[in-house]
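Take a look at the letters that make up each chain.
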Amino acid sequence: MSSPSHLTRRYLSLRLPRLPIERRRPARAGAPSERPVVVADMVRNAMRLTVVDRVAASLGLHPGLTLADARARRPELEMLDPEPERDEEAWTRLAGWATRYTPLVGRDGPGLMLDITGCAHLFGGEEALLGDLEARLARRGLTADIAVAATPGAARALARCGLRRIVPAGATEETLAPLPVAALGLDEETAAALKRLGLKRIGQLAEMARAPLAARFGRELLGLLDMALGRREESIRPLRPAPVFSAERLFAEPLRDLDALDQVVTGLAFRLAEPLARHGQGARRLRLSLYRSDGAFFAVDLGLARPSRDAEAIGRLFSSRIEAFHQGLDTGEGLDLVRLSVEETDGLEHEQVDLDGRLALKGEVDRLADRLGARLGAETLHRLVPGDSHLPEHAAARGAPSRAVAWPEPVRAGEAAPERPLRLFDRPEPVEAVAEVPDGPPMRFRWRRAFREVVRCEGPERIAPEWWRGHEEALTRDYFRVEDRAGRRYWLYRAGLYGSETDRPRWYVHGLFG
């Protein structure tokens with residue numbers, strides 16, 4: 001089989017023009033609504049129809065018509081308020097559901113664009129794929145306009161016209177020629193101007209000299225035309241990147257038992273272990289996609305503290321995560337497709353084992369983090385990641401346990417790393433300190449209303465200010481490790497230098513040693 005880069009590109013445009021209505025009032029074949037339903041919003045200083053259902057369309061109502069005119073024609077009209085946030089949520093769920101056909105699914109205006117290159121044969125061909133897609137959408141009461149072509153622009157133009165077409169490779173130009181120019185996605189003003197010039201069809205536009213068109217209508221018109229005809233490349237932006245590796249299980253009979261789902265997930269993890277091992281990689285982030293037979297879609301994400309291809313461990317972690325966070329996971333009529341995808345990998349060495357065959361201690365903390373993250377939620381766990389700063393409070397930050405980090409070498413070989421407290425204060429606390437000489441270490445200091453007399457001291461460790469970051473408090477710091485008579489150890493610093501143009505240097509305690 002040739003590589004995907006050599007395959008003929010194929011794109012599927014899916015438009016759901018009535019989604020804002022049908023997600024609330026699903027359309028049912030043979031059972032039309034008693035009265036027309038529309039969505040209206042303020043457009044060009046007037047309330048206009050933005051979406052109409054089948055009944056309203058059959059009665060001559062259309063988007064752009066003023067609400068007053070629509071009510072005059074059909075007094076029984078039912079109007080729904082626009083809900084853009086819920087519409088967007090519906091699109092997000094629909095895009096996740098559409099990944100059952102291809103991992104490359106992107107938003108495309110009031111629709112989706114699917115890159116189905118190399119995927120159609122898995123469904124018996126493009127005609128079978130379209131049939132399956134239409135049937136599933138119809139069962140959910142959604143009206144769809146679908147088209148497949150060699151370019152996103154061509155598929156989009158056909159879908160805009162409501163033409164269910166599969167355009168063979170090499171037939172793009174002749175298929176688009178009879179379509180109206182508005183199918184390119186032009187604004188109303190440009191489409192009307194072209195119509196006044198007698199340019200009503202895409203074929204007529206393609207035959208025109210390009211320079212006059214660009215001078216009159218701008219280069220955007222030519223760009224849309226070139227993308228539709230394949231003269232200019234256009235790529236889609238998938239909502240999620242394509243997985244590195246993926247394995248799936250399709251069921252002839254829908255799966256309803258969640259206990260059986262655990263076995264399926266473990267089996268898919270075993271299938272993924274082989275390509276991971278062959279490439280010397282381990283999974284860092286995985287996604288379990290569950291497709292219900294009635295069209296519902298669920299996704300369970302899992303991040304690992306260290307790369308792994310241990311199938312049984314991955315299966316247990318997904319089981320714990322589903323139990324902890326998806327107790328309400330309703331299999332409904334059953335799952336007809338389960339897919340496990342590896343979305344991020346990292347190099348994985350062969351792991352050292354003890355004499356009894358168990359893994360050595362290395363990695364046990366990461367495995368504990370994985371188990372806690374699956375049970376409590378990854379957002380509740382953090383690990384330190386290096387920061388691009390030598391100031392102690394910015395030298396490290398909290399990061400996700402699944403994030404791979406590489407700490408830089410802090411010192412040269414043969415040198416001892418400077419000692420740091422295990423925990424710093426959120427904000428350095430001011431103290432009143434007395435030193436024997438101005439630039440010397442503190443002899444005693446007053447902190448939290450109590451005097452401490454210093455009996456031991458190490459330092460200073462000088463940290464220069466990060467003047468290039470524009471910090472207003474950018475002052476040179478001299479850090480000291482001090483111990484008082486009670487044996488308590490502190491990390492103090494003096495901010496500022498004597499003899500400089502700044503105010504008198506001030507002392508702070510930044511942390512405590514255990």
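Residues numbered from 1 in each chain as written. Predicted model: local features only at pLDDT ≥ 70, side-chain atom pairs only at ≥ 80, totals over all residues. Heavy atoms only, no water.

Draft legend 1. Geometry of the overall build of the chain. The secondary structure content of the chain amounts to 14 helices and 20 strands. Buried residues in the chain amount to 43% of all 514 residues. Considering only intrachain contacts with a sequence separation of at least 6, the fraction spanning at least 24 residues in the chain is 57%. Carbon together with sulfur atoms contributes 50% to the accessible area of the chain, which is approximately 29100 Å² in total. (Helix = DSSP H or I, 4+ residues; strand = E, 2+ residues; numbered from the N terminus. Buried < 20%, exposed > 50% of the residue type's maximum accessible area, 1.4 Å probe, protein only. Contact = heavy atoms within 4.5 Å. Areas by Shrake-Rupley, 256 points an atom, 1.4 Å probe, with all protein chains shown as cover.)

Draft legend 2. A look at helix α6 (residues 152-160). Here α6 lies mainly inside the structure; 8 of its 9 residues are buried. Residues of α6 that are buried: P152, G153, A154, A155, R156, A157, L158 and A159. Tucked inside the fold, the buried residues of α6 contact β1 (11-15), β6 (111-115), β7 (145-149), β8 (165-166), α7 (172-176) and α11 (219-229). One or two residues past the end of α6 sits G162, with phi positive at roughly 70°.

Draft legend 3. Fine view of empty space enclosed by the protein. One pass over the structure, following the stated rule, counts 2 cavities of 30 Å³ or more. One number sums up the size of the largest cavity: a volume of about 50 Å³. For the largest cavity, the full set of lining residues is G153, R156, A157, R160, A183, L184, L224, M227 and A228. Sorting the residues of the lining of the largest cavity by element identifies α6 and α11 as the ones contributing at least two each. (1 Å grid on protein atoms, 1.4 Å probe; cavity = no way out; pocket = protein on both sides within 12 Å on 5 of 7 lines; lining within 4 Å. Points joined across faces, edges and corners; volume = space filled by probe spheres on them.)

Draft legend 4. Structural view of unusual backbone geometry. Of the consecutive residues G459 and P460, the connecting peptide bond is found in the cis state with omega at 10°. Tracing the chain through its elements places P460 in strand β17 (residues 450-463). In the Ramachandran plot, R448 falls in the positive-phi region, its phi being about 50° despite a non-glycine side chain. Relative to the assigned elements, R448 resides in the loop between β16 (442-447) and β17. Judged by relative accessible area, R448 falls into the exposed class, the value being 54%. Even without a glycine there, the phi angle at R449 is positive, about 65°. If you trace the backbone, R449 turns up in the loop between β16 and β17.

Draft legend 5. A look at the packing of aromatic side chains. Following the criterion strictly, the structure yields 10 aromatic pairs and no others. A centroid spacing of 5.2 Å and a plane angle of 80° characterise the contact between F445 and Y490, whose relative ring orientation is edge-to-face. Note that F445 is positioned in strand β16 and Y490 in strand β19 (residues 489-495), a separation of 45 residues in sequence. Of the two residues, F445 and Y490, neither departs from the other in class, the shared state being buried. An aromatic cluster is built from F425, F445, W447 and Y490, whose rings are joined through pairwise contacts. In this arrangement the basic side chain of R448 is found over the ring face of F425, its NZ or CZ atom lying 5.7 Å from the centre. Positioned above the aromatic ring of Y493, the side-chain terminus of R477 is 4.8 Å from the ring centre. (Phe/Tyr/Trp six-rings, centres within 6.5 Å; stacked < 30°, edge-to-face > 60°. Lys NZ or Arg CZ within 6 Å of the ring centre and 35° of its normal.)

Draft legend 6. Focus on the sheet that holds strand β20 (residues 506-513). Taken in spatial order, the 6 strands of this closed barrel run β15-β16-β17-β18-β19-β20, and their pairing is antiparallel. Each strand of the sheet is rotated relative to its neighbour by a mean of 45°, with strand direction disregarded. Relative to β16, strand β15 (residues 423-435) runs antiparallel, the two sharing 4 bridges. From the neighbouring strand, A435 faces β16, where its bridge partner is P442. (Pairing = 2+ DSSP bridges. Axes fitted to C-alpha atoms, helices over the stretch in contact; angles between N-to-C directions.)

Draft legend 7. Here's a closer look at the pairing of β17. As defined by bridge partners, β16 adjoins β17 across 4 bridges and the pair is classed as antiparallel. Paired with F445 across the strands is R452, a residue of β17. Hairpin remark: β16 followed by β17, antiparallel, with 2 residues in the connecting loop; positive phi at R448, about 50°.

Draft legend 8. Spatial organisation of the confidence of the model for the chain. Here the chain averages 85 in pLDDT, and 87% of its residues register 70 or above. Within the chain, the lowest mean pLDDT, 70, falls on helix α14 (residues 364-376), and the highest, 95, falls on β1. In the model, residues 1-5 has pLDDT below 50 throughout and makes 2 contacts with residues more than four positions away in sequence or in other chains. (pLDDT = per-residue confidence, 0-100.)

Draft legend 9. Region of interest: the environment of D145. When you line up the elements, D145 lands in strand β7. The spacing of D145 and P17 is 128 residues in sequence and 7.9 Å in space, taken between C-alpha atoms. In this structure D145 touches S13, L14, R15, P17, A159 and G162, once residues within four positions along its chain are discounted.

Draft legend 10. Highlighting the sheet that holds strand β2 (residues 37-43). In space, the 3 strands of this open sheet follow the order β3-β2-β4, with mixed pairing throughout. The sheet is open, and its two borders are formed by β3 (46-52) and β4 (78-80), each paired with just one other strand. Mean inter-strand twist for the sheet, computed between neighbouring axes without regard to direction, equals 45°. For β2 and β4, the ladder comprises 3 bridges, and the chain directions are parallel. Paired with V38 across the bridge in β4 is M79.

Draft legend 11. Local environment of the side chain of T175. Here T175 is to be found in helix α7. Among the polar contacts made by the side chain of T175, one reaches the main-chain carbonyl oxygen of A171 at a distance of 2.6 Å. Every residue in contact with T175, bar those within four places of it in the chain, is listed here: L158, R165 and V167. (Polar contact = N/O pair within 3.5 Å; in protein donor to acceptor, adjacent residues only side chain to side chain.)

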